[in-house]
Every structure is written in C-alpha cells, then in structure tokens.
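Chains, contacts and geometry: an overview
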Amino acid sequence: ELQHIDFFKDLTKKIAALDTLFGKNAKVKELISTQAFAISTHLTGKQNYDFLFYVGLSSSFSEENTLQYLKELVSGKGSLSTRHYDGKNIFDVKLNSDLNIPDFSYTCIDSIFVFSFSSILVEDAVRQVNSGESLLDNKDFKKVSESAGENVNANCYVNYKTFGKFFALFLD
C-alpha cells in the first residue's frame, strides 16, 4: 500500500537504481549486510526533496578503494569526476542514459560513505561535518535515539521542526 504514495515510489525507485548499480557485487553486498546503513530525506527546494544515504565503511573500503571500485564500475558506462569542496573530495558519477540510473555524487567522511542523487545534499553533509555540530550532541535527539529498538529492522526519526514543510509537499 505504501507504494501508492509518491514519497515511497521515489525511494523505491532510487533504491532499485542502487541495486542495479551495486547489487551484483559481492563486496558491496558484504558491506551493506555488515555495516550500519541510514537514509535521510531533505528538502532541496520549495517543492522538491531528495535522499542522502550513509553506509559505514569497513577498513577494506577506504576512500581510495571506493574510488577505485567506482572507476571500474563506471568504466565504459559513464564518467566519474572529482571536485574539492570545503576540504573534502566529492565524486560525481554520470552514467550513460541507457542504464536508466540518475547521476549521483558521493564522498567519504570519517569512514562513512555519503551518497546522494543530489550533489547539493552531499555538499550539505560535508558542510555539516565541518561545522563541528552534530545531531548526536542534541539532547532531545540523544534521548530519542537511546530509546530506539535494538532488535528491529529499522528506526525512523522525524524532525518536527522541518516536518511541516516536508509534509506540505504531498498536500498539493
């Protein structure tokens, strides 16, 4: 039933694109099945939103190894470019249109692979880390996260300060 809601359709479509790109690779499957994985949703404009994906990296997935893996993956299927943003390398991937996978950007921050189909969200993640402020330092969030289930498939957190603007996207 959730698939009838645009938000979940969009999320499913983007996860399917990730599966198409990475799903057949044993290293990636191992990484995702053994490391923490998170998805956050962000407003990217008055009428738009996008997702930011986070995966903890094991020692075998350094920034250099990840770059090498993606170069091999993209070879002959598109292009990969690097730019420097606020002290971090951001990698932009453009795949051939016949693959039907949207362009995406990623970076590695403190052993976390940060990935989005919106390069602006990756830049926002870099800026957030460089600001020195962390959601984990917020006493209200800390209290909520400590009550999260340990033996569950997922936990969902809602930022009520921005929820109204986000929810309004679906009312029009």
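Everything numeric in this text was worked out from a predicted model, so none of it was measured.

Buried residues dominate strand 5 (residues 104-109), accounting for six of its six residues. Side chains of strand 5 alternate between two faces, with Phe104, Tyr106 and Cys108 and Ser105, Thr107 and Ile109 buried alike. Judged from the three bridges that link them, strand 4 (residues 88-95) and strand 5 form a sheet pairing that is antiparallel. Note on strand 5: the bridge partner recorded for Val93 is Phe104. Bridging between strand 5 and strand 6 (residues 112-116) involves five bridges; their strand directions are antiparallel. Bridging across to strand 6, Ser105 finds its partner in Ser116. The turn linking strand 5 back onto strand 6 is made up of two residues, and Asp110 within it adopts a positive phi angle of 50°.

A surface patch of nonpolar side chains, amounting to about 550 Å² of accessible area, comprises Val158, Tyr160, Phe163, Phe167 and Leu171. Take Phe163: it is sitting in helix 6 (residues 160-168). Overall, Phe163 belongs to the partly exposed group, its relative accessible area being 35%.

A word on the nonpolar core. Residues Phe22, Leu70, Phe104, Tyr106, Phe113 and Phe115 are the most contacted members of the largest nonpolar core, which totals 29 residues. Among the secondary structure elements, those contributing two or more residues to this core are helix 1 (6-22), strand 2 (48-56), helix 3 (63-74), strand 4, strand 5 and strand 6. The dominant element in this core, judged by the number of residues it contributes, is helix 1, at six residues. The residues contacting Tyr106, other than those within four sequence positions of it, are Thr66, Leu67, Leu70, Asn89, Ile90, Phe91, Phe113, Val114, Phe115 and Val122. By size, the runner-up hydrophobic cluster in this structure holds eight residues, among which are Leu52, Ile109, Leu121 and Val126.

All right, on to helix 1 then. Relative to the 24 Å expected for 17 residues at 1.5 Å per residue, helix 1 spans 24 Å between its end C-alpha atoms, a close match to the ideal helical length. The complete set of buried residues in helix 1 reads Phe7, Asp10, Leu11, Lys14, Ala17, Leu18, Leu21 and Phe22. Down the axis of helix 1, the buried set is contained in an arc of 120°. They therefore lie on one face. Those residues of helix 1 that are exposed and angled more than 90 degrees off the buried face are Lys13, Asp19 and Thr20.

A few words on the packing of aromatic side chains. A full pass over the atoms with the stated rule returns 11 aromatic pairs. Geometrically, the ring pair formed by Tyr49 and Phe51 is edge-to-face, given 5.7 Å between the ring centres and 85° between the ring planes. The class of Tyr49 is buried, set by a relative accessible area of 15%. The exposure class assigned to Phe51 is buried, which follows from its relative accessible area of 0%. Between the aromatic rings of Phe104 and Phe115, the centroid separation amounts to 4.7 Å while the plane-to-plane angle is 40°, which identifies the pairing as tilted. Pair noted here: Phe104 is in strand 5 and Phe115 is in strand 6, with a separation of 11 residues, a long-range link. Each member of the pair, Phe104 as well as Phe115, is classed as buried. Members of the aromatic cluster, connected to one another through ring pairs, are Phe37, Tyr49, Phe51, Phe53, Phe91, Phe104, Tyr106, Phe113, Phe115 and Phe117.

The next point concerns the confidence of the model for the protein chain. Residue-level pLDDT values for the protein chain average 82, and 91% of them are 70 or greater. Mean pLDDT across the elements of the protein chain bottoms out in helix 2 (residues 26-34) (67) and peaks in helix 4 (residues 119-131) (94).

Within strand 6, four of the five residues are buried, which leaves the element mostly enclosed by the surrounding structure. Pairing between strand 2 and strand 6: five bridges, direction antiparallel. Considered in strand 6, the bridge of Gly56 is made with Ile112.

Scoring rules and cut-offs
Residues numbered from 1 in each chain as written. Predicted model: local features only at pLDDT ≥ 70, side-chain atom pairs only at ≥ 80, totals over all residues. Heavy atoms only, no water. Buried < 20%, exposed > 50% of the residue type's maximum accessible area, 1.4 Å probe, protein only. Helix = DSSP H or I, 4+ residues; strand = E, 2+ residues; numbered from the N terminus. Pairing = 2+ DSSP bridges. Patch = residues over 30% accessible without salt bridge, like charges linked within 9 Å, V, L, I, M, F, W, Y side chains within 5 Å. Areas by Shrake-Rupley, 256 points an atom, 1.4 Å probe, with all protein chains shown as cover. Salt bridge = Lys/Arg side-chain N within 4 Å of Asp/Glu carboxyl O. Core = buried A, V, L, I, M, F, W, Y, C linked by side-chain atoms within 4.5 Å. Contact = heavy atoms within 4.5 Å. Expected span 1.5 Å × (residues − 1). Arc of directions from axis to C-beta. Phe/Tyr/Trp six-rings, centres within 6.5 Å; stacked < 30°, edge-to-face > 60°. pLDDT = per-residue confidence, 0-100.

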